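Coordinate inspection notes
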Amino acid sequence: MAIGGVLPDAPMFVFYFVEKVLRGSSEQYIWRQAYYQTHWQNFIDVFNSLPIIAFGFLIALWAESRIGILLFASMTLHVLGDLPLHHDDGHRHFFPFSNWRFESPISYWDPNHYGGLFTRVEILAVLISCFVLFRRYKSLKGRMALGVIGGLYGAYFVYAFTMWS
């Protein structure tokens, strides 16, 4: 389920919107100070917490909610994929039971920790996935949804490369 795949990152969009748009903070302040403030870290880590996601999954199983099961399974896949790709900005994946953070030698964004390579790999994976899914989906609705997702992904990278390069 696509929502579960994006939900762990949703607090980051809220965080960035509040800091950039509502507070008018600079990029430097946002990523060097605001991001590390306790209240933001707690908010972000709740959505990346394996125990909280597991609890939601168990409730979905108990309720026999197929949508809930898919949502929490998708969130789990996102979090497990995120885990090895953060160097010094990782999440507390066992919050609230532990403040431990896995500090990977690899970063999905930091060029000092292979970020340039992983950004290229991610872009290539998304392009290949979009191509494969476009060929697989025959409905106009499915292809339009894929186009919207691809467009938003592309817009994100245009913004990121413009603001953070």
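See the structure printed just above.
Summary of the structure given here. (Residues numbered from 1 in each chain as written. Predicted model: local features only at pLDDT ≥ 70, side-chain atom pairs only at ≥ 80, totals over all residues. Heavy atoms only, no water.)

1. A closer look at the packing of helix 5 (residues 50-62) against helix 6 (residues 66-82)
Here helix 5 crosses helix 6 at 160°, and the two axes come no closer than 8 Å. Between helix 5 and helix 6, the angle is such that the two are roughly antiparallel. For the pair helix 5 and helix 6, the crossing hand works out as left-handed. Across the interface between the two elements, Leu 50, Ile 53, Gly 56, Phe 57, Ala 60 and Leu 61 from helix 5 touch Gly 68, Ile 69, Phe 72, Ala 73, Met 75, Thr 76, Val 79 and Leu 80 from helix 6. (Axes fitted to C-alpha atoms, helices over the stretch in contact; angles between N-to-C directions. Helix = DSSP H or I, 4+ residues; strand = E, 2+ residues; numbered from the N terminus. Parallel < 35°, antiparallel > 145°, perpendicular 65-115°, else oblique. Left-handed = near helix turned anticlockwise from the far one by under 90°. Contact = heavy atoms within 4.5 Å.)

2. Brief notes about unusual backbone geometry
With an omega of 5°, the peptide bond running from Phe 95 to Pro 96 counts as cis. Its place among the elements puts Pro 96 in the loop between helix 6 and helix 7 (115-136). Phi at Glu 64 takes a positive value of approximately 55°, unusual for a residue other than glycine. A relative accessible area of 71% means that Glu 64 is categorised as exposed. If you check the backbone angles, Tyr 114 has positive phi at about 70° while not being a glycine. Positionally, Tyr 114 belongs in the loop between helix 6 and helix 7. Among the residues examined, Tyr 114 registers a relative accessible area of 53% and is labelled exposed. (Buried < 20%, exposed > 50% of the residue type's maximum accessible area, 1.4 Å probe, protein only.)

3. Quick look at helix 4 (residues 38-46)
Within the sequence span of helix 4, burial applies to Trp 40, Gln 41, Ile 44 and Asp 45. All buried residues of helix 4 fall inside an arc of 125° around its axis, so they share one side. (Arc of directions from axis to C-beta.)

4. Quick look at the packing of aromatic side chains
Summed over all chains, the structure comprises 10 aromatic pairs. Here Trp 100 and Phe 102 contribute two aromatic rings whose centre-to-centre distance is 6.2 Å and whose plane-to-plane angle is 45°, an arrangement assigned as tilted. Owing to a relative accessible area of 45%, Trp 100 belongs among the partly exposed residues under this scheme. Since its relative accessible area comes to 32%, Phe 102 is described here as partly exposed. An aromatic cluster is defined as three or more aromatic residues linked by ring pairs; in this entry it consists of Phe 15, Tyr 16, Trp 31, Tyr 35, Tyr 36, Trp 40, Phe 43 and Phe 47. (Phe/Tyr/Trp six-rings, centres within 6.5 Å; stacked < 30°, edge-to-face > 60°.)

5. Observations concerning the side chain of Ser 49
With respect to the secondary-structure elements, Ser 49 resides in the loop between helix 4 and helix 5. Here Ser 49 falls in the buried class, since its relative accessible area comes to 0%. In this structure the side chain of Ser 49 is engaged in a polar contact, spanning 2.3 Å, whose partner is the backbone oxygen of Phe 95. Residues within four places of Ser 49 in sequence aside, it is in contact with Arg 92, His 93, Phe 94, Phe 95 and Pro 96. (Polar contact = N/O pair within 3.5 Å; in protein donor to acceptor, adjacent residues only side chain to side chain.)

6. As for the pattern of salt bridges
Scanning the entire structure with this criterion turns up four salt bridges. Salt-bridge contacts for Lys 20 lead to Glu 27; the nearest nitrogen and oxygen are separated by 3.1 Å. Between Asp 45 and Arg 101 there is a salt bridge; the shortest N-O distance is 3.8 Å. Residue Asp 45 is located in helix 4, and its partner Arg 101 is located in the loop between helix 6 and helix 7; the two are separated by 56 residues in the primary sequence. Taking relative accessible area as the criterion, Asp 45 reaches 0% and is therefore assigned buried. (Salt bridge = Lys/Arg side-chain N within 4 Å of Asp/Glu carboxyl O.)

7. A look at the environment of Ala 34
Inspection of the secondary structure puts Ala 34 in the loop between helix 3 (27-32) and helix 4. Sequence separation between Ala 34 and Glu 19 is 15 residues, and the spatial gap between their C-alpha atoms is 7.7 Å. Beyond its immediate stretch of four places on either side in the chain, Ala 34 contacts Phe 15, Glu 19, Tyr 29 and Trp 40.

8. Considerations on the side chain of His 78
Tracing the backbone through its elements, the reader meets His 78 in helix 6. Non-local contacts of His 78, meaning those with residues more than four positions away in its chain, are made with Gly 4, Gly 5, Pro 8 and Asp 9.

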